[in-house]
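The chain contents come next:
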Amino acid sequence: MRTVLRRPDFRLLFAALVASMAAESILLLALAVWVKDLTGSDSMAGATIFAVIAPMALAPLVGWVVDRYRRRPFFIAANLVAAVLLGPLLTVRDRADVWVIYVVAALYGLSYITLTAVLNALIRQLVPAELLPDANGALQTVRQGLRLIGPLAGAGVYAAVGGWLLVTLAMSGFLIAAAVVGRLRVEENGPPRRVGRGPAELGAGLRHLAGEAALRRALLGYGLGSLVMGFTESLIFAYVDLGLGRDAAFVGVLVMVQGVGGLVGGLFSAAVVRRFGEVGALAAGVTFFGPAALALAYPRLWLGVVALLLAGVSLPLTMVGLNTLVQRRTPPALLGRVTAAAEALVSGPQAASIGTGALLVGVLDYRLLFALVGAVTTVAGLYLWRGRGLTPPAVGAPRVPTPRRPLDDEVLAAARRRRAP
C-alpha cells in the first residue's frame, strides 16, 4: 500500500476520495434519520435507503454516458453536480418536505453509480496494473475506517444542530474532491473510443461481463451470495433483541466491531489478491461471510464479536478482488459501462435480499435464517474458489523502478563506449 501512495498522482486522487467518501459516510444514515424525525415512520425512513438504491436500474445508461467523456474532467464535474444536488435539502422544514429528501436521495444514488464508474476508469489510467490491488486496498481501508465513525457522526450532527450543517459538510466534501482532482495532471488525448452504436453501446458492458470467463464466474458467485447477505441487515436486530437480550442501540457497538474487521481486511486485501488472484480474493471474502453467519445463529456475545470481525474482513476482500478484476480484464473504452453493470448486478440482488430479510424475520426464527445465509454464502464462496485458476496469482511483490538522473544515463553511455571495440 505504501508503494502506491508514493505516487504523487495517486496521492492527489486518494486525498480527493477521502473527502468525497467522508461526505458519503455522514450522509446516508442521516437522511433516513431525518425522514424518521419528520414522519415518525420506520417504513418511510427505510424507503430513503430504497430511493438511493433504485437508480441502479439505470446503470447501463450511466456507464454509457461515463464512457463518452474523458475521465478526469468527468470526475470533477460529477463531484460538482453531487454537491449541487444536495442543495435542495437546505429547504426541508417539516413533514410536507419529505418528498424533497426522497428526490435528493434518488439523485444522490444516481451520482454514486456515476462516481463509482468513472473512478474505476480513472484509477486504471493512473496506476500500473501491478499496483491496482494496492490502490483499491488503500481506498477500501479508508472506506471501512469511515464506516466506523461516519454514519454515527452524521446522525450526531443532525441530532445536535440540524440538517443544514449536515448538508453543508457533505457538499463541502464533494467540492473539495473536485478541487483536488482539478490539480491532477493526466494525459488524456480525448474521449475513450466508442464501441458499437446505439443500443449496442448500452449493452456492451453486460456483454463483456458475460463473455469474459473470470468476470462471469465472479459475478455469478458473488451474486449468489448477495441474494442472502442482505438478510443480515434485519437479522442483526433480532440477534441483539432476542438472542442477546439487549437494547437495539447495541447494534451500533456490533457495527463498530465489524468496522474494525473491515480495516483489517482492507490492509491485507492487496496481499491476498497477489497471493490467490482476484477471483481467489473474492472467494475468500464471500467464504468468510459463511462461518460468520453460522456463528450468529448461536447467540453468545464473544462468538458474535468474532463473527462480526470475520464479516468485516470479508467485505474489503470481495470489493478489492472484484474491482481489480474488472480493471484488469476490461478494455479502457468499456470500463465505465462494465463497472456500472457489475455494481448493478451485485447491488440489485443485495437490495432485494434486504427487503426479503425484513419480511422473513417476522415469520421465521432468526437463527434459522442466519444458518441459511451461512450455507448459501459458503456454497457461493466454494464455487468462486474452484474458479480461482482463471486469475492466477502474481509472482512476487510489485517492484517500482527507481528513476534515473540524466547524469546516470551519461555515465552508462560512456561505459558502453569504453567497452566497444
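Since the structure is predicted, the reported quantities are computational estimates derived from the model, not experimental observations. Chains are numbered independently. Their residues run from 1 in the order of the written sequence. In keeping with the predicted nature of the model, local features appear solely for residues at pLDDT of at least 70, side-chain atom pairs appear and are counted solely at 80 or more, and the whole-chain, interface and lining totals rest on all residues. Remark: hydrogens and water are excluded; side-chain values derive from all non-hydrogen atoms of the structure.

**Quick word on the nonpolar core**
- Counting residues in each nonpolar core, the largest one holds 65 residues, and the members touching the most others are Leu13, Trp34, Phe75, Leu86, Leu89 and Val127.
- Look past the residues within four positions of Phe75 in its chain and what remains in contact with it is Leu13, Leu17, Leu115, Val118, Leu119, Leu122 and Val181.
- Take the buried Ala, Val, Leu, Ile, Met, Phe, Trp, Tyr and Cys residues and link them wherever side-chain atoms come within 4.5 Å; each set so joined is a nonpolar core. Relative accessibility thresholds used throughout: buried, under 20% of the residue-type maximum; exposed, over 50%; partly exposed, between the two (1.4 Å probe, protein chains only). In this structure, Leu209, Leu235, Tyr239 and Leu282 belong to the second largest nonpolar core, which totals 51 residues. For this analysis, residues touch if any pair of their heavy atoms sits within 4.5 Å.

**Points about the packing of aromatic side chains**
- Pairing of aromatic side chains requires ring centres within 6.5 Å, counting the rings of Phe and Tyr and the six-membered ring of Trp. Pairs whose planes differ by under 30 degrees are stacked, by over 60 edge-to-face, and all others tilted. This structure, assessed with the given rule, holds five aromatic pairs.
- Note on Tyr69 and Phe74: the rings are 5.8 Å apart at their centroids and 25° apart in plane angle, and the pair reads as stacked.
- On the basis of an interplanar angle of 85° and a centroid distance of 6.3 Å, the ring pair of Tyr366 and Phe370 is categorised as edge-to-face. Here the residue Tyr366 and the residue Phe370 both occupy positions in helix H16 (residues 366–386), the gap between them amounting to four residues, near one helical turn. Phe370 carries the same exposure label as Tyr366, and that label is buried.
- Members of the aromatic cluster, connected to one another through ring pairs, are Tyr239, Tyr366 and Phe370.
- Two thresholds decide whether a charge sits over a ring: the Lys NZ or Arg CZ must be within 6 Å of the ring centre and within 35 degrees of the ring normal. Across from the ring centre of Tyr383, 4.1 Å away, lies the NZ or CZ of Arg217, which sits over that ring.
- Above the face of the Phe276 ring, Arg275 is positioned so that its terminal group lies 5.0 Å from the ring centre. A run of H or I in DSSP counts as a helix once it spans at least four residues, and a run of E counts as a strand once it spans at least two, with each numbered from the N terminus.

**So, the side chain of Glu278**
- With respect to the secondary-structure elements, Glu278 resides in helix H13 (residues 250–296).
- Glu278 has contacts with Val273, Gly321, Thr324, Leu325, Arg328 and Thr391, leaving out every residue within four places of it along the chain.

**Looking at the packing of helix H6 (residues 98–126) against helix H15 (residues 335–360)**
- Axis angles are defined between N-to-C directions and span 0 to 180 degrees, where every axis is a line fitted to C-alpha atoms and, for a helix, only to the segment in contact. Two elements in contact, H6 and H15, have axes whose closest approach is 8 Å; the angle formed by their N-to-C orientations is 130°. Comparing their axes, H15 and H6 come out oblique. For the pair H6 and H15, the sense of crossing is right-handed. Of the residues in H15, those in contact with Tyr112, Ile113, Thr116, Ala117, Asn120, Ala121 and Arg124 of H6 are Leu335, Gly336, Thr339, Ala340 and Glu343.
- Each residue receives one of three labels: charged for Asp, Glu, Lys and Arg, nonpolar for Ala, Val, Leu, Ile, Met, Phe, Trp, Tyr, Cys and Pro, and polar for the others, Gly being one of them. Class assignment for the residues of the contact of H6 with H15 results in six nonpolar, four polar and two charged. Geometric relationships in this document are graded by angle, where less than 35 degrees denotes roughly parallel, more than 145 denotes roughly antiparallel, 65 to 115 denotes roughly perpendicular, and other angles denote oblique. Two helices crossing with the near one rotated counterclockwise from the far one by less than a right angle form a left-handed crossing, whereas a clockwise rotation gives a right-handed crossing.

**Some remarks on the pattern of salt bridges**
- By definition here, a salt bridge exists when the distance from a side-chain nitrogen of Lys or Arg to a carboxyl oxygen of Asp or Glu is within 4 Å. Per the counting criterion, the structure on display carries eight salt bridges.
- Ionic pairing is found between Arg329 and Glu212, a salt bridge with its closest N-O pair at 2.9 Å. Pair noted here: Arg329 is in the loop between helix H14 (301–328) and H15 and Glu212 is in the loop between helix H10 (204–211) and helix H11 (213–229), with a separation of 117 residues, a long-range link.
- Relative accessible area serves as the criterion here: at 17%, Glu212 is assigned to the buried category.
- The salt bridge partner of Glu278 is Arg328, with a shortest N-O separation of 2.7 Å. Note that Glu278 is positioned in helix H13 and Arg328 in helix H14, a separation of 50 residues in sequence.
- A residue is classified by how much of its surface remains accessible, and Arg328, at 31% relative accessible area, is partly exposed.
- Through salt bridges with shared partners, one network takes in Asp67, Arg71 and Arg337.

**A look at the environment of Ala340**
- Secondary-structure assignment places Ala340 in helix H15.
- On the accessibility criterion, Ala340 (1% relative accessible area) is buried.
- Distance from Ala340 to Leu206, taken between C-alpha atoms, is 9.4 Å for residues 134 residues apart in sequence.
- Residues in contact with Ala340, not counting those within four places in the same chain, are Ala59, Gly63, Ile113 and Ala117.

**Some details on H11**
- A helix is expected to reach a length of 1.5 Å times the quantity of its residues less one. The end-to-end C-alpha distance of H11 is 24 Å, a good match for the 24 Å that 17 residues give at a rise of 1.5 Å each.
- Taken together, the buried positions of H11 are occupied by Ala214, Leu215, Ala218, Leu219, Gly221, Tyr222, Gly223, Gly225, Ser226, Val228 and Met229.
- Under the rule applied, a polar contact is a pair of N or O atoms within 3.5 Å (in protein, one hydrogen donor and one hydrogen acceptor; residues adjacent in sequence only if both atoms are side-chain atoms). Between the side-chain oxygen of the N-cap and the backbone nitrogen of Ala214 there are 3.0 Å, and the N-cap of H11 in question is Glu212.

**Some words on the packing of H6 against helix H7 (residues 132–160)**
- H7 packs onto H6 with a crossing angle of 145° between their chain directions and a minimal axis gap of 10 Å. In this structure, the crossing between H6 and H7 has a hand that is right-handed. When H6 is examined against H7, the residues Tyr112, Ile123 and Arg124 are found in contact with a partner set consisting of Leu132, Ala135, Asn136, Leu139 and Arg143.
- Here the contact of H6 with H7 is composed, by residue class, of five nonpolar, one polar and two charged.

**Remarks on the environment of Leu359**
- As for its position among the elements, Leu359 is in helix H15.
- Here Leu359 falls in the exposed class, since its relative accessible area comes to 66%.
- As for Leu359 and Phe231, which are separated by 128 residues in sequence, their C-alpha atoms are 9.4 Å apart.

**Here we look at a nonpolar patch on the surface**
- Together, Val260, Val264, Leu267, Phe268 and Leu309 make up an exposed nonpolar region whose accessible area comes to about 430 Å².
- Counting residues per element, the nonpolar patch draws most heavily on H13, at four residues.
- On the secondary structure map, Leu309 appears in helix H14. Patch definition: residues with relative accessible area over 30% and no salt bridge; like charges joined within 9 Å; nonpolar side chains (Val, Leu, Ile, Met, Phe, Trp, Tyr) joined within 5 Å. Methods summary: accessible areas were calculated by the Shrake-Rupley approach with a probe of 1.4 Å, and residue burial reflects only the protein chains presented.

**Topic: the confidence of the model for the protein**
- Per-residue confidence for the protein gives a mean pLDDT of 83, with 88% of residues at or over 70.
- Confidence per residue, as judged by the predictor, is encoded in pLDDT with a range of 0 to 100. Segment residues 396–415 is flagged for pLDDT under 50; beyond a separation of four residues in sequence, or across chains, it makes nine contacts in the model.
- Across residues 417–421, confidence stays below pLDDT 50; counting only partners more than four residues off in sequence or on other chains, it has zero contacts.

**Some remarks on the side chain of Asn323**
- Tracing the backbone through its elements, the reader meets Asn323 in helix H14.
- Judged by relative accessible area, Asn323 falls into the buried class, the value being 19%.
- Aside from chain neighbours lying at most four places away, what touches Asn323 is Asn120 and Asn136.

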